[in-house]
Amino acid sequence: MILGIDTSLGTAVAVVEDDGVVRSAATSPNPLGHAEVIGDLLQRALADAAFGPIGATGAPEPVVVTHVAAGMGPGPFTGLRVGIAAATAFALARGIPLVPVASHDAVALEVLLADAMSGEETPRFAVVTDARRREFAYTVYDGLDDDGLPVRVTEPALVPRDDLDARLADLGARRHDAAAVPAQLLALVAARAIAAGRRVAASEPLYLRSPDVSVPAPRKKVGT
Amino acid sequence: MNRDNPLVLGIETSCDETGIGIVRGRRLLSNTIASSMDEHARYGGVVPEIAARAHLEALQPAIARALADASATEGRQITLADLDAVAVTSGPGLAGALMVGIGAAKALAVGLDRPLYAVNHLVGHIAADLLTGDAVAYPTVALLVSGGHTSLLLVRDLTSDVQMLGETVDDAAGEAFDKVARILGLTYPGGPEIDRAAVGGDPTAIRFPRGLSRASDMAEHRYDFSFSGLKTAVARWTEQREAAGEPVPIADVAASFREAVVDVLVTKALDACARYDVPRLLLGGGVIANRRLREVTVARATEAGVEVRIPPLNLCTDNGAMIAGLAAELIVAGRPASSLQFGADSTLPVTEIQVAEGVRA
Ligand SMILES: [Zn+2]
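Residues numbered from 1 in each chain as written. Chains lettered and ligands numbered in written order. Predicted model: local features only at pLDDT ≥ 70, side-chain atom pairs only at ≥ 80, totals over all residues. Heavy atoms only, no water.

Looking at an unreviewed UniProt entry, one finds chain B named tRNA N6-adenosine threonylcarbamoyltransferase, with Microbacterium pullorum as its source organism. Word for word, the UniProt comment on chain B under Catalytic activity (unreviewed entry) is "L-threonylcarbamoyladenylate + adenosine(37) in tRNA = N(6)-L-threonylcarbamoyladenosine(37) in tRNA + AMP + H(+)". (UniProt positions renumbered as here; feature names shortened; annotations may be inferred.)

Okay, here's the thing in structure tokens:
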């Protein structure tokens, strides 16, 4: 089973089976408070997972997590790090691998699977999330590849809010705004990547911005 | 859980040091510190976002190294599964930096199914002394001086009775060293640079002000510190020299500035010892590395009949072992673990030794 953790928007934790069956999902939509809720959500997701797939009413059985999928962003830094730190530590605690996943990939897979279920063709689209400071983060996708993973046409990038629609028009991508990143889909991206023996994201967070600092100017006179 | 001699891993990320420490009761097994200090040098001070990024990068290797070091100390393999509890600093400190440690600690505790103790960073500095095998007796006065804090505490009981007597109302002492170093054209971190520059300087050459030390300050700020006026005084003094076309005697300025800082720290600490009739003074915090501060403290404390305790430097700077050590004391004292709902508290008061205490382990 795979534990998914994403804190790029709210806080989302889920446990899925290797074939994508969702065992549990615990979320907080609050765009702040990641450090406060992450422990309880983890505990709840693991406890719920013991009762079998969501909706099942079986007796509890042991949950053996084999991988931790970490949402690497993009997202506001402070919150994003809480989830990556938690995923890193959980993987260490259990002695299992950490699988980094671009958070937008989870949303993209959700969109593509939903359309596939309803038999619709999905035109090229962009996952768009709030990046604060009057910017959006976006990643453009076009369909699923042979491994069932969303095909990234562009890597995650930032754009001023007012420029987004023009940018997406240039790229020929429909706009899909996301207010949450589903951890169960994040875990499913990881499951498919593991099955295909592929690495789908680097192990560094997708900050997309340099730290907001400047080298201090020469000292100012204090006057006398 | 072993409540008599618990094996605890502590995580400390309140400032620019990623500290992972492992203790067994009061026995220090490992003390791993990864610092991002070099990355802050060009900015002349700790940049919170850079510190937080560095914590996340350092986390996994630091935990691995702490386990390896603990195994070497114990002469047998220590793994995370052996832990009785996990401990973490929840404040005070830089919020974004604290959150990295908190996220990791909660997941470690849930992943291992072990109790979690969220503790106070400042009280952790006091607990560091317990790991030396030669701890100070209580009650004791404690002077904690670093780039992030300058606090004078009265400790009657480490796990239940720590009182803040006073703290800085503006800059921390370490910050004052950094800022004055910049005024004198020296690099970051300022403490060692000022020390180097002060060699051969006359500490009595310039009488810089002692903040909050006038008779009129005694009613409200007897044990508080202020270093911002001192920094301004140094800047003004050097500017006047430069404006007059005279050379700035860097060694004298550095020595006189350092003397002003040391004087006010030691005077207030010993005043607290006298007023509370506690003939013991414990030092902690990174600025304790300053040799002049240690010398003056020992000399004047001896004169006043006060015993001084100075833990080794790697236990004085921010570290995870002190956090693990404090949690071990709380466990031995029978305190229940913290619940999982706490967050980072950048201004956590020192009276909150443990945060979110609740679940009996
Ligand atoms: Zn400290």
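Caption draft 1: Main features of the pairing of strand β8 (residues 161-167) of chain B. Bridging between strand β7 (residues 150-157) of chain B and β8(B) involves six bridges; their strand directions are antiparallel. In the sheet register, Val155(B) faces β8(B), and the bridge partner there is Val162(B). (Pairing = 2+ DSSP bridges. Helix = DSSP H or I, 4+ residues; strand = E, 2+ residues; numbered from the N terminus.)

Caption draft 2: Expanded view of unusual backbone geometry. Of note, the amide linkage connecting Gly73(A) to Pro74(A) takes the cis form, showing an omega dihedral of 10°. By secondary structure assignment, the location of Pro74(A) is in the loop between β4 (67-71) and α2 (77-94). Residue Pro92(B) is bonded to the preceding Gly91(B) through a cis peptide linkage, with omega at -10°. Although it is not a glycine, Arg134(A) sits at a positive phi angle of roughly 55°. In this structure, Arg134(A) sits in the loop between β6 (125-130) and β7 (135-144). With phi around 50°, Leu212(B) is a residue other than glycine that occupies positive phi space.

Caption draft 3: Geometry of the sheet that holds β7(B). Residue and element names in this part refer to chain B. Across the sheet, five strands lie side by side as β8-β7-β6-β9-β10; this open sheet has mixed pairing. Every interior strand has two partners, whereas the edge strands, β8 and β10 (307-309), have only one. Adjacent strand axes in the sheet meet at a mean angle of 25°, parallel and antiparallel pairs treated alike. (Axes fitted to C-alpha atoms, helices over the stretch in contact; angles between N-to-C directions.)

Caption draft 4: Highlighting the coordination of the zinc ion. Looking at the metal site, the zinc ion is ligated by His121(B) (NE2), His125(B) (NE2), His149(B) (NE2) and Asp318(B) (OD), spaced 2.1 to 2.2 Å from it. Coordination geometry of the zinc ion: the four donor atoms subtend angles of 89 to 159° at the metal centre, consistent with an arrangement described as irregular. (Donors = N, O, S within 2.8 Å, 3.2 Å for Na, K, Ca; no water. Tetrahedral: all angles 85-135°; square planar, octahedral: opposite > 155°, others 65-115°.)

Caption draft 5: Focus on the UniProt feature "domain: Gcp-like" (unreviewed entry) in chain B. In the UniProt entry, the feature "domain: Gcp-like" (unreviewed entry) is given for residues 28-324 of chain B. The distance separating the terminal C-alpha atoms of residues 28-324 of chain B is 9 Å; by composition the span is 48% helix and 16% strand.

Caption draft 6: A look at the UniProt feature "domain: Gcp-like" (unreviewed entry) in chain A. Following the UniProt record, one finds the feature "domain: Gcp-like" (unreviewed entry) at residues 34-142 of chain A. Structurally, residues 34-142 of chain A is divided into 45% helix and 21% strand, and its ends, taken at the C-alpha atoms, are 31 Å apart.

Caption draft 7: Representation of the interface of chain B and chain A in the model. In this complex, chain B contributes 36 residues to the contact, which on the side of chain A involves 38 residues. Summed over both partners, the interface of chain B with chain A buries about 3,200 Å², with 67% contributed by carbon and sulfur atoms. Ranking the residues of chain B by area buried against chain A places Arg53(B), Leu56(B) and Glu239(B) at the top, with a combined share of 20%. At the junction of chain B with chain A, the criterion picks out one salt bridge. For Glu49(B), the salt bridge is made with Arg81(A), and the minimal N-O distance between the two is 2.9 Å. Scanning the region where chain B abuts chain A turns up six residue pairs in polar contact (both at pLDDT 80 or more). Counting residues per element, the ones that place at least two in the side of chain B that touches chain A are α2 (48-74), α3 (95-112), α5 (173-183) and α8 (228-243) of chain B. Broken down by element, the residue count for the side of chain B that touches chain A peaks at twelve residues, all from α3(B). Its residues placed into classes, the side of chain B that touches chain A shows 20 nonpolar, eight polar and eight charged. (Contact = heavy atoms within 4.5 Å. Buried area = accessible area lost by both parts, 1.4 Å probe. Salt bridge = Lys/Arg side-chain N within 4 Å of Asp/Glu carboxyl O. Polar contact = N/O pair within 3.5 Å; in protein donor to acceptor, adjacent residues only side chain to side chain. Nonpolar A, V, L, I, M, F, W, Y, C, P; charged D, E, K, R; others polar.)

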